[in-house]
Amino acid sequence: MNISRGASPRPIQRYITDDPNGINWIKIGDVSENAKYIKSTKERITKEGAQRSRLLHKGDFILSNSMSFGRPYILDIDGCIHDGWISMSGFTNLLLPDFLYHILKSRNVQKYWKQKASTGAVSNLNADIVRGTIIPIPSKKQQQDIVSILDRFESLVNDITTGLPAEIAARRQQYEYYRDQLLSFKRKS
């Protein structure tokens with residue numbers, strides 16, 4: 001597995017371009033909190049800027065390395081990352097991307113990274129800490145089974161049209177029904 005830190009061409013403004021043939025410039029602002037994939041970017045950099053950065057490909061992973069460090073994302077596009085990201089690639093012979101995603105989001109991995117990253121003045125995740133992370137590698141069939149279960153649960157929790165919102169709506173409806181039943185008094189004639 002290849003794990004490395006991103007790189008930023010300097011000064012970055014010199015390399016930002018409106019050219020549709022520019023390379024996607026992946027920034028933290030391009031991702032939402034509950035996103036699993038990065039599908040687009042707001043900015044692009046020139047090919048010269050890409051040579052001074054780290055070019056990644058669809059299916060590679062990136063992790064934020066400061067502030068809310070350790071949050072994994074799967075690239076659904078090709079693009080370059082700056083030094084605020086750590087990249088992971090070359091793992092598909094052993095790990096399914098969706099399995100790796102769930103492992104990296106797990107409490108154990110996040111706790112390990114937090115402990116290791118908080119040894120300096122500023123909490124910062126680095127490539128060596130990520131390389132030192134022990135990841136279980138079950139068979140690909142077991143990985144797929146685990147992914148199926150976890151994806152279903154994640155969908156129930158995060159999907160605004162199902163899951164918790166639907167459960168809340170059902171409980172609200174149930175409450176209203178029983179409230180109306182309990183508060184329906186027969187009128188005395």
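Residues numbered from 1 in each chain as written. Predicted model: local features only at pLDDT ≥ 70, side-chain atom pairs only at ≥ 80, totals over all residues. Heavy atoms only, no water.

A. Structural view of the nonpolar core. Counting 24 residues, the largest nonpolar core has F61, M88, L100, L104, W113 and V130 as the members making the most contacts within it. With 5 residues, helix α2 (residues 97-105) is the single largest residue contributor to this core. Setting aside its immediate chain neighbours within four residues, L104 contacts F61, L63, G70, P72, M88, V109, Q110, W113 and I135. Listed in part, the 11 residues of the second largest apolar core include I26, A35, Y73 and W85. (Core = buried A, V, L, I, M, F, W, Y, C linked by side-chain atoms within 4.5 Å. Buried < 20%, exposed > 50% of the residue type's maximum accessible area, 1.4 Å probe, protein only. Helix = DSSP H or I, 4+ residues; strand = E, 2+ residues; numbered from the N terminus. Contact = heavy atoms within 4.5 Å.)

B. The packing of aromatic side chains, seen in detail. Going through the model one piece at a time under the given rule, you end up with 2 aromatic pairs. Pairing Y73 with W85 gives two aromatic rings, centres 6.0 Å apart and planes at 85°, and the pair type is edge-to-face. With Y73 in strand β8 (residues 72-75) and W85 in strand β10 (residues 85-89), this residue pair connects regions lying 12 residues apart in the sequence. Y73 sits in the buried class, given a relative accessible area of 4%. On the basis of relative accessibility, which here comes to 0%, the residue W85 falls in the buried class. Just above the ring of Y73 sits the side chain of R71; from NZ or CZ to the centre is 4.6 Å. (Phe/Tyr/Trp six-rings, centres within 6.5 Å; stacked < 30°, edge-to-face > 60°. Lys NZ or Arg CZ within 6 Å of the ring centre and 35° of its normal.)

C. Inspection of the sheet that holds strand β7 (residues 61-64) at higher detail. Judged by pairing direction, the sheet is mixed, and its 5 strands sit side by side in the order β1-β10-β7-β8-β4 without closing on themselves. Edge positions in the sheet fall to β1 (2-5) and β4 (37-38), since each of these pairs with one other strand and no more. Across 2 bridges, β4 lies against β8 in parallel orientation. Looking at the pairing, Y37 lines up with I74 of β8. Each of β4, β7, β8 and β10 touches α2; the most contacted strand, β8, lies at about 160° to it. (Pairing = 2+ DSSP bridges. Axes fitted to C-alpha atoms, helices over the stretch in contact; angles between N-to-C directions.)

D. The pattern of salt bridges, seen in detail. On inspection of all chains with the given rule, the structure shows 11 salt bridges. Between D30 and K42 there is a salt bridge, with the nearest N and O atoms lying 3.7 Å from each other. In this pair, D30 is assigned in the loop between β3 (23-26) and β4 and K42 in the loop between β4 and β5 (43-45), connecting sequence segments 12 residues apart. With a relative accessible area of 64%, K42 lands in the exposed category. Residue D145 is joined to K141 by a salt bridge in which the shortest nitrogen-to-oxygen separation is 2.9 Å. In this pair, D145 and K141 are both assigned in helix α5 (residues 140-158), 4 residues apart and thus about one turn of the helix distant. One salt-bridge network, held together by shared partners, links R14, E48 and R52. (Salt bridge = Lys/Arg side-chain N within 4 Å of Asp/Glu carboxyl O.)

E. Representation of the confidence of the model for the protein chain in the model. Model confidence for the protein chain is summarised by a mean pLDDT of 88, while 88% of its residues fall at 70 or above. The element-level mean pLDDT for the protein chain is lowest in helix α6 (residues 164-182), coming to 76, with strand β9 (residues 79-81) highest at 98. (pLDDT = per-residue confidence, 0-100.)

F. Up close: a nonpolar patch on the surface. The grouping of I146, I149, L150, F153 and L156 at the surface amounts to a nonpolar patch, some 430 Å² of accessible area in total. Following the sequence through the fold, F153 ends up in helix α5. (Patch = residues over 30% accessible without salt bridge, like charges linked within 9 Å, V, L, I, M, F, W, Y side chains within 5 Å. Areas by Shrake-Rupley, 256 points an atom, 1.4 Å probe, with all protein chains shown as cover.)

G. Up close: the packing of α2 against helix α3 (residues 107-117). Running from amino to carboxyl end, α2 crosses α3 at an angle of 55°, the nearest separation of the two axes being 4 Å. With respect to α3, the element α2 is oriented oblique. Within the contact between the two elements, α2 uses I103, L104 and K105 and α3 uses R107, V109, Q110 and W113. Residues of the contact of α2 with α3, tallied by class, amount to 4 nonpolar, 1 polar and 2 charged. (Parallel < 35°, antiparallel > 145°, perpendicular 65-115°, else oblique. Nonpolar A, V, L, I, M, F, W, Y, C, P; charged D, E, K, R; others polar.)

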